[in-house]
Amino acid sequence: MNALYLTIPIALFIAFGAFYVFFKSYRSGQYEDIEGPKYRMLFEEDLTDFPKEKV
């Protein structure tokens, strides 16, 4: 029974910490566009510059 007096506050602290981190990232806008990057990857132009061969 004494172990519960220690583990329950630790578990609550970890849970509230996880909720804090989630809501902070949510408010900063990290979850606004979760579909866009996978489609943007397909339509981006190739930005690598390969040396042109002189013929």
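Residues numbered from 1 in each chain as written. Predicted model: local features only at pLDDT ≥ 70, side-chain atom pairs only at ≥ 80, totals over all residues. Heavy atoms only, no water.

S.K.: Which residues make up the side chain of Ser 25, and what are the values?
M.R.: For Ser 25, the location among the structural elements is in helix H1 (residues 2-27). Residue classification places Ser 25 among the buried residues on the basis of a relative accessible area of 12%. With sequence-adjacent residues up to four places away left out, Ser 25 is seen in contact with Gln 30 and Tyr 31. (Helix = DSSP H or I, 4+ residues; strand = E, 2+ residues; numbered from the N terminus. Buried < 20%, exposed > 50% of the residue type's maximum accessible area, 1.4 Å probe, protein only. Contact = heavy atoms within 4.5 Å.)

S.K.: Pulling in residues and values, what's your account of H1?
M.R.: Look at H1: 39 Å from first C-alpha to last across 26 residues, which is about the 38 Å you get at 1.5 Å a residue. Of all 26 residues that make up H1, one are buried, and the element is exposed over most of its length. Immediately beyond the C-terminal end of H1, within one or two residues, lies Gly 29, with a positive phi of roughly 95°. (Expected span 1.5 Å × (residues − 1).)

S.K.: Account for the packing of aromatic side chains, with residues named and values stated.
M.R.: Applying the stated criterion across every chain yields a total of three aromatic pairs. On the basis of an interplanar angle of 35° and a centroid distance of 5.7 Å, the ring pair of Phe 22 and Tyr 31 is categorised as tilted. An aromatic cluster is defined as three or more aromatic residues linked by ring pairs; in this entry it consists of Phe 22, Phe 23, Tyr 26 and Tyr 31. (Phe/Tyr/Trp six-rings, centres within 6.5 Å; stacked < 30°, edge-to-face > 60°.)

S.K.: Give me the lowdown on the pattern of salt bridges, citing residues and values where you can.
M.R.: Under the definition given, this model contains one salt bridge. Between Lys 38 and Glu 35 there is a salt bridge, and its shortest N-O distance comes to 3.2 Å. We classify Lys 38 as partly exposed; its relative accessible area is 44%. Residue classification places Glu 35 among the partly exposed residues on the basis of a relative accessible area of 40%. (Salt bridge = Lys/Arg side-chain N within 4 Å of Asp/Glu carboxyl O.)

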